[in-house]
Amino acid sequence: MPGVLAVKPMNKQDRIYSFEFFPPKTQEGMAKLREARKQLAQLGPKFFSVTFGAGGSTRDRTLETVLEIQAAGNEAAPHLSCISSSRDDIRTILAQYKTHGIRHIVALRGDIPSGAVTGGDFHYASELVEFIRQETGDWFEIEVAAYPEFHPEAPSARADLDNFKRKVNAGANAAITQYFYNADAYFRFMEDCNAAGITIPIYPGVMPIYNFTQLSRFSAMCGAEIPRWLRLRLQDYGDDLASLRAFGLDVVTELCDRMLASGAPGLHFYTLNQAGTISTIWQRLGL
Ligand SMILES: Cc1cc2nc3c(=O)[nH]c(=O)nc-3n(C[C@H](O)[C@H](O)[C@H](O)COP(=O)(O)OP(=O)(O)OC[C@H]3O[C@@H](n4cnc5c(N)ncnc54)[C@H](O)[C@@H]3O)c2cc1C
């Protein structure tokens, strides 16, 4: 039955929460992120993750951001995308993280920027997970991406699930989903995973609604559907950002509530380096 996960309900204290940041480009952005992190740290997440630009474009900034999080006493999980990278590139990055005592990685393929030459030794995230395990054994806890509404390049839902299973079999410990606003997509996906014998925790990725234009752009790129009822209502707010955000807050809080009430093992928030909306969602959920 969709809406009720075919897994043991989670005890509140066993749930895991995490927050995702992107590495800022400027000192001002870094200062803003520091404030957001301090605020979000009070909510007691297991870790903060930091994105990694495809082809290594944010390599140094990702490392810098991760080290700052770690130095503040929080667990940091760098994302690592493998597209366009050689085995040596990835080996060097893994060694760097290991030297700094980082124990957690979010392993991804990455997206090929349009017009860019690809090359590189890796085609899929499963190959990266396999490589990390070969090179570093169990040093890293590895999270991978999952797609309740299916990855935009997947030829079918079944093929995408098989490919997700490859990442799990290669040694992923857990997964974080692409964001979605249709709870049933997650529930059905969990049912499929259970039927396929996939037992790792799969954390719903939560995208707060800050800005309709930006959200539409992201969603078109990553294949996360904004359902018609939601899209039309958001569109109606036009420039009235305050009302859009208030409505978005209701929608996203309700979505999180449904996920947790139905047995989701926790939540991963795409923060866009902002703390305010997420702190409000947190309070409303009584977490
Ligand atoms: C939680 C999360 C965090 C992210 N963070 C970042 C980030 O920091 N940096 C970044 O650049 N991007 C990031 N992304 C975006 C991600 O890189 C893209 O969604 C990318 O298109 C796919 O990455 P993946 O790791 O899921 O790829 P994969 O798991 O490799 O899948 C990609 C496609 O290939 C197919 N596939 C997989 N294996 C095979 C196979 N053996 N044969 C045929 N087809 C196969 C899959 O079905 C899918 O369609 C993130 C996404 C999520 C959900």
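Above this text is the structure in question.
First, a word on scope: everything that follows refers to the structure included in this document. Model, not experiment: these values are computed from the prediction.

**Focus: the nonpolar core**
Ranked by internal contacts, the top residues of the largest apolar core, which has 81 residues, are F164, Y181, I202, L234, M259, L267 and F269. In terms of residues, this core owes the most to one element, helix α9 (residues 241–261), which gives 9 residues. Leave out the neighbours within four places in its chain, and F164 touches V144, A145, A146, A175, F189, C193, I198, I200 and I202.

**Some words on the packing of aromatic side chains**
Evaluation of the coordinates by the stated rule reveals 13 aromatic pairs. Aromatic side chains Y186 and F187 sit 6.1 Å apart centroid to centroid with 65° between the ring planes, which places their arrangement in the edge-to-face category. The exposure classification of Y186 matches that of F187, with both residues buried. Where F269 meets W282, the ring centres are 6.3 Å apart and the plane angle is 55°; that geometry is what we call tilted. In this pair, F269 sits in strand β8 (residues 266–270) while W282 sits in helix α10 (residues 276–285), placing the two residues 13 residues apart along the sequence.

**Comments concerning the site of the ligand**
Looking at the ligand, there are 23 residues lining it, with F52, D111, Y147, D160 and K167 nearest. One nitrogen or oxygen atom from the main chain of G110 is found 3.0 Å from an oxygen atom belonging to the ligand. Within the side chain of K167, one N or O atom sits 2.7 Å away from an oxygen atom of the ligand. Of all elements in the fold, only β3 (76–81), α5 (157–169) and β6 (174–179) reach the threshold of two or more residues within the shell around the ligand. No other element matches the 4 residues that α5 contributes to the shell around the ligand. Across the shell around the ligand, the residue classes break down as 10 nonpolar, 7 polar and 6 charged.

Quick notes on the rules
Residues numbered from 1 in each chain as written. Predicted model: local features only at pLDDT ≥ 70, side-chain atom pairs only at ≥ 80, totals over all residues. Heavy atoms only, no water. Core = buried A, V, L, I, M, F, W, Y, C linked by side-chain atoms within 4.5 Å. Buried < 20%, exposed > 50% of the residue type's maximum accessible area, 1.4 Å probe, protein only. Helix = DSSP H or I, 4+ residues; strand = E, 2+ residues; numbered from the N terminus. Contact = heavy atoms within 4.5 Å. Phe/Tyr/Trp six-rings, centres within 6.5 Å; stacked < 30°, edge-to-face > 60°. Near = heavy atom within 4 Å. Polar contact = N/O pair within 3.5 Å; in protein donor to acceptor, adjacent residues only side chain to side chain. Nonpolar A, V, L, I, M, F, W, Y, C, P; charged D, E, K, R; others polar.

Nothing here speaks to function; it is all geometry.
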